[in-house]
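Given next are the chains, with one letter for each unit.
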Amino acid sequence: MNLTEALAQLYRHEYVTKLPAAVLAELRQLGYVVEQRAHLGYRLVESPDRLIADDLRARLKTQMIGKEILVFEETASTNDVVARLADGHRGEGLVVFAESQTKGRGRHGRVWSSPRGKGLWFSVLLRPRFPLTRLTVAASVAVARVAGKEARIKWPNDVTLHGRKLAGILTEARDGVAILGIGVNVNCQAKDLPAELHATSLVTEDRPGLAAELLQELDELYRQADEDFARISTEWARLCTTVGKQIAIRMGDRRIEGHAQALDEDGALLIRRDSGKIERIVGADLTLERE
Ligand code: BTN
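Residues numbered from 1 in each chain as written. Predicted model: local features only at pLDDT ≥ 70, side-chain atom pairs only at ≥ 80, totals over all residues. Heavy atoms only, no water.

A. Molecular detail of the environment of Leu3. Mapped onto the secondary structure, Leu3 falls in helix α1 (residues 3-12). The spatial distance from the C-alpha of Leu3 to the C-alpha of Ser140 is 32 Å, given a sequence separation of 137 residues. Leaving out residues up to four positions away in the same chain, Leu3 has contacts with Val23, Glu26, Leu27, Leu30 and Asp54. (Helix = DSSP H or I, 4+ residues; strand = E, 2+ residues; numbered from the N terminus. Contact = heavy atoms within 4.5 Å.)

B. Spatial organisation of the sheet that holds strand β5 (residues 119-126). With respect to topology, seven strands assemble into an open sheet ordered β3-β4-β5-β9-β8-β7-β6, the strand pairing being mixed. If you trace the sheet from one side to the other, it starts and ends with β3 (69-75) and β6 (151-154), each paired once. With direction set aside, neighbouring strand axes in the sheet form an average angle of 20°. Of the strand pairs in this sheet, β5 and strand β9 (residues 177-185) are connected by eight bridges, and their pairing is antiparallel. Its bridge partner being in β9, Ser123 is matched across the sheet by Gly181. Sitting on the sheet, helix α6 (residues 207-227) is in contact with β3, β4 (95-101), β5 and β9, with an inclination near 30° to β5. (Pairing = 2+ DSSP bridges. Axes fitted to C-alpha atoms, helices over the stretch in contact; angles between N-to-C directions.)

C. Quick look at the pairing of strand β8 (residues 164-174). In terms of burial, β8 is largely enclosed, as eight of its eleven residues are buried. Of the pairings in the sheet, the one linking strand β7 (residues 158-161) to β8 comprises three bridges and is antiparallel in character. Note that in β8 the partner of Val159 across the bridge is Ala167. Taking the residues between adjacent antiparallel strands as the criterion, β7 and β8 are bridged by two residues, where His162 takes a positive phi near 50°. Here β8 runs beside β9; their pairing, made up of eight bridges, is antiparallel. Residue pairing across strands places Thr171 opposite Leu180, the latter belonging to β9. Here β8 hands over to β9 after two residues, with Asp175 in that stretch at a positive phi of 45°. (Buried < 20%, exposed > 50% of the residue type's maximum accessible area, 1.4 Å probe, protein only.)

D. How the structure looks around helix α5 (residues 132-147). Given a rise of 1.5 Å per residue, 16 residues ought to cover 22 Å, and the 23 Å separating the end C-alpha atoms of α5 matches this to within 8%. Judged by how many residues are buried, α5 sits mostly within the fold: 13 of 16 residues are covered. (Expected span 1.5 Å × (residues − 1).)

E. Quick peek at the domain arrangement of the chain. Along its sequence, the chain is organised into domain 1 (3-46), domain 2 (53-239) and domain 3 (246-290). A separation of 24 Å is found between the C-alpha centroids of domain 2 and domain 3. Residue-level contacts link 13 residues of domain 2 with 15 residues of domain 3. Each partner contributes to the roughly 1,100 Å² buried at the junction of domain 2 and domain 3, and carbon and sulfur atoms together form 66% of this total. The largest per-residue losses of area from domain 2 upon contact with domain 3 belong to His108, Thr133 and Trp155, which jointly make up 50% of the total buried on that side. Counting across the domain 2 and domain 3 interface gives zero salt bridges. There are three residue pairs in polar contact (both at pLDDT 80 or more) connecting domain 2 and domain 3. Of all the secondary structure elements, the ones that give two or more residues to the side of domain 2 that touches domain 3 are α5 and α7 (229-239). Split by residue class, the side of domain 2 that touches domain 3 holds six nonpolar, three polar and four charged. (Domains from an automatic or database assignment. Buried area = accessible area lost by both parts, 1.4 Å probe. Salt bridge = Lys/Arg side-chain N within 4 Å of Asp/Glu carboxyl O. Polar contact = N/O pair within 3.5 Å; in protein donor to acceptor, adjacent residues only side chain to side chain. Nonpolar A, V, L, I, M, F, W, Y, C, P; charged D, E, K, R; others polar.)

F. A look at empty space enclosed by the protein. Overall, the coordinates contain two cavities of 30 Å³ or more when judged by the stated rule. Computed from the structure, the largest cavity encloses a volume of approximately 80 Å³. The wall of the largest cavity is formed by Val111, Trp112, Ser113, Pro115, Lys165, Asn185, Cys188, Asp192, Leu193, Pro194, Leu197 and Ala199. Residue composition of the lining of the largest cavity, grouped by class: eight nonpolar, two polar and two charged. Space inside the second largest cavity adds up to approximately 30 Å³. As for the second largest cavity, its lining consists of Leu135, Ala138, Ala139, Leu218, Leu221 and Tyr222. Within the residue set of the lining of the second largest cavity, elements represented by two or more residues are α5 and α6. The residue makeup of the lining of the second largest cavity, split by class, is six nonpolar, no polar and no charged. (1 Å grid on protein atoms, 1.4 Å probe; cavity = no way out; pocket = protein on both sides within 12 Å on 5 of 7 lines; lining within 4 Å. Points joined across faces, edges and corners; volume = space filled by probe spheres on them.)

Rendered as structure tokens:
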């Protein structure tokens, strides 16, 4: 029995009758509190607040996302790590987490603050058969689902809680692969959050559990983005604070004003101008100036 198998059993059952001494020692060394009761066996009492690849794998029942998981204590940007690994032909579904990033990136080349252990900073290697905009939409729905029923989506890809930014998504296409980068603030104090972003954070006692839940949702929604995107679109529209509003968008030196209608089948936003003309807005290089 290896670490992943032992953890999978400990998560699934209240008591596990057999646990090899070496595995038990390894678990305790990693910070797990495992209680031993006569006649009953071993029980997991506490897990460490650390992302551990074996632990995440033990919690997952995904078909594709998380087939391989790597966790770094620190890296520049997980998107770049995945890009490098994709060059080495790593498989679709590879997930790279970092407990902290020194060069975390947001959209428009902004800095994404990624303090140690105060969030989920990760990237997924994908080879979608559908447009990247659909992938970003699916990912924002996945994040909103795990963030709870108060979470909303601000087009194009911010997930918010009570009007403050909770998470961001940076989808990049490089050499035929898609890199889905997600940053979710978790258990942050005010000093951990960048003031200019008007940000907030999720509170949980189980950050690794939240990570596993998010990967599970992503796995389901990634499949659905291919097979039944209309369903995701409907859920997205229900969660989105932008749809149904008069908005202004800046794309380079172009400014578009209009009424945000809905997503089309590629995940592009349809806007009705005052003239009645429908504009299809797609791309990452835009800013929502007014909502
Ligand atoms: C945004 O809202 O501007 C997108 C933020 C995306 C941040 C994540 S954190 C993990 C991954 N690595 C990065 O450098 N960026 C993304």
